[in-house]
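Each chain, written out:
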Amino acid sequence: MTAVTEDPEGPDATPPVVPAGERGADRIADRVVAKIAGQAAGEAIGPTAPDTVPPHATVAVHQHTARIHVHLELDYPCDIGARCAQVRRQVTERVGALVGMDVPEVAVHVERLHLTPTHGVAQGRTR
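Residues numbered from 1 in each chain as written. Predicted model: local features only at pLDDT ≥ 70, side-chain atom pairs only at ≥ 80, totals over all residues. Heavy atoms only, no water.

Looking at an unreviewed UniProt entry, one finds the protein named Asp23/Gls24 family envelope stress response protein and attributed to Streptomyces griseoviridis.

Set out below in structure tokens:
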């Protein structure tokens with residue numbers, strides 16, 4: 001005679017429910033993070049000259065960490081260092097808030113400077 005062991009919860013017992021935050025996995029494509037970073041960089045630098053190429057980014061994502069390189073053009077004269085710091089802060093904040101990734105590095109590459117006319121200064125030659 002063989003002993004039969006029964007399930008203590010019974011044959012109709014449902015398995016324990018796993019909370020939603022502990023099920024599955026999220027995978028956000030690098031190009032999505034790059035798009036968000038480019039948009040955030042555009043927000044940080046504000047309006048630019050009409051012939052300016054909009055900021056774009058390249059991203060390397062590893063698990064929950066994103067390393068970002070932003071390429072942009074700036075109007076000149078301006079405080080380039082301060083503008084780049086502003087871009088780094090905005091990109092870090094927006095990617096962290098929208099995607100939930102840590103951003104330990106944002107490298108800003110200024111590709112081109114656009115000379116903007118200053119008001120009150122004569123343009124061209126004067127006699």
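More follows now that the structure is in view.
A tally of regular secondary structure across the protein gives 2 helices and 3 strands. In sequence order, the secondary structure elements of the protein are arranged as α-β-β-α-β. By the burial criterion, 28% of the 127 residues in the protein qualify as buried. Taking contacts inside the protein between residues at least 6 apart in sequence as the whole, the part at least 24 apart equals 67%. Element-wise, carbon and sulfur atoms account for 53% of the exposed surface of the protein, whose accessible area totals about 9,500 Å². (Helix = DSSP H or I, 4+ residues; strand = E, 2+ residues; numbered from the N terminus. Buried < 20%, exposed > 50% of the residue type's maximum accessible area, 1.4 Å probe, protein only. Contact = heavy atoms within 4.5 Å. Areas by Shrake-Rupley, 256 points an atom, 1.4 Å probe, with all protein chains shown as cover.)

Sheet topology places strand β1 (residues 56-62) next to strand β2 (residues 65-76); 7 bridges connect them, and they run antiparallel. Counterpart to Ala57 in the pairing with β2 is Val70. Counting the residues between successive antiparallel strands, the hairpin from β1 to β2 contains 2 residues, one of them, Gln63, with a positive phi of roughly 55°. The pairing of β2 with strand β3 (residues 102-115) spans 11 bridges and is classified as parallel. Residue pairing across strands places Leu74 opposite Leu113, the latter belonging to β3. The β-α-β motif built from β2, the intervening helix α2 (residues 80-99) and the parallel element β3 has right-handed crossover chirality. (Pairing = 2+ DSSP bridges. Right-handed = clockwise from strand over helix to strand, strands pointing away.)

Another aspect to go through is helix α1 (residues 30-45). The end-to-end C-alpha distance of α1 is 23 Å, a good match for the 22 Å that 16 residues give at a rise of 1.5 Å each. On its buried face, α1 is in contact with β1, β2 and α2. Once α1 finishes, Gly46 follows within two positions and takes phi at roughly 75°, a positive value. (Expected span 1.5 Å × (residues − 1).)

For the rest of this paragraph, the subject is a nonpolar patch on the surface. A surface patch of nonpolar side chains, amounting to about 370 Å² of accessible area, comprises Tyr76, Val110, Leu113 and Leu115. Ranked by the residues each element gives to the nonpolar patch, the list is headed by β3, at 3 residues. Locating Leu115 in the fold gives a position in strand β3. When its relative accessible area of 71% is taken as the criterion, Leu115 is described as exposed. (Patch = residues over 30% accessible without salt bridge, like charges linked within 9 Å, V, L, I, M, F, W, Y side chains within 5 Å. Salt bridge = Lys/Arg side-chain N within 4 Å of Asp/Glu carboxyl O.)

Moving on, we get to the side chain of His114. Structurally, the position occupied by His114 is in strand β3. Leaving out residues up to four positions away in the same chain, His114 has contacts with Asp51, Thr52, Glu73, Leu74, Asp75 and Tyr76.

Note on placement: Ile68 falls in strand β2. Sequence spacing of Ile68 and Val91 is 23 residues, and the spatial spacing of their C-alpha atoms is 8.7 Å. Not counting the four nearest positions on each side in its chain, Ile68 is found in contact with Ala37, Ala57, Thr58, Val59, Val91, Val95, Val103, Glu105, Val106 and Ala107.

Glancing now at unusual backbone geometry. The amide bond that connects Tyr76 to the next residue, Pro77, takes the cis arrangement and shows omega of 10°. Secondary-structure assignment places Pro77 in the loop between β2 and α2.

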